[in-house]
Amino acid sequence: MARVLIYCTAACPYCQAADRLLQRKGVSDIERVRVDLEPARRAEMRQKSGRYSVPQIWIGGRHVGGSDELHELDDSGLLDPLLAKAL
């Protein structure tokens, strides 16, 4: 299973939806960076992704975007193969 990194906040419903989808897909090892608790990490997220909103999600080192993009990958059948790739 590919490594998953999510920049998120506790109160974000989109972060929670992305997390639930990944858990349904069997992803148990998710690195969560709480930018609400570590504000300096938000600047890191913006530098890496070019985006300001959470969640920002990386799978196996590939930036896939936010919750909407993650769900689009799933709807198109592309999420499972991406998750299955080794690092």
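Further up the page is the structure itself.
As a starting point, this report considers the structure included with it. Bear in mind the structure is a predicted one, so any value in this text is a computation, not a measurement. (Residues numbered from 1 in each chain as written. Predicted model: local features only at pLDDT ≥ 70, side-chain atom pairs only at ≥ 80, totals over all residues. Heavy atoms only, no water.)

## Observations concerning the environment of Arg20
(1) Moving on: Of note, Arg20 is situated in helix H1 (residues 13-24).
(2) Moving on: Along the sequence, Arg20 and Arg3 sit 17 residues apart, while their C-alpha atoms lie 16 Å from each other. (Helix = DSSP H or I, 4+ residues; strand = E, 2+ residues; numbered from the N terminus.)

## A short note on the sheet that holds strand S4 (residues 62-65)
(1) Moving on: The strand order S2-S1-S3-S4 describes an open sheet built from 4 strands, whose pairing is mixed. Single-partner strands in this sheet number two, and they are strand S2 (30-34) and S4. Between one strand and the next, the sheet's axes are offset by a mean angle of 20 degrees, whatever the strand orientation.
(2) Moving on: As judged from the 5 bridges shared by strand S1 (residues 4-8) and S2, these two strands associate in the parallel manner. Among the inter-strand pairings, Ile6 is bridged to a residue of S2, identified as Arg32.
(3) Moving on: Strands in contact with H1 are S1, S2 and strand S3 (56-59); relative to S2, the strand with the most contacts, it is inclined by about 170 degrees.
(4) Moving on: Contacting S3 and S4, helix H3 (residues 67-75) runs over the sheet at an angle of about 100 degrees to S4. (Pairing = 2+ DSSP bridges. Axes fitted to C-alpha atoms, helices over the stretch in contact; angles between N-to-C directions. Contact = heavy atoms within 4.5 Å.)

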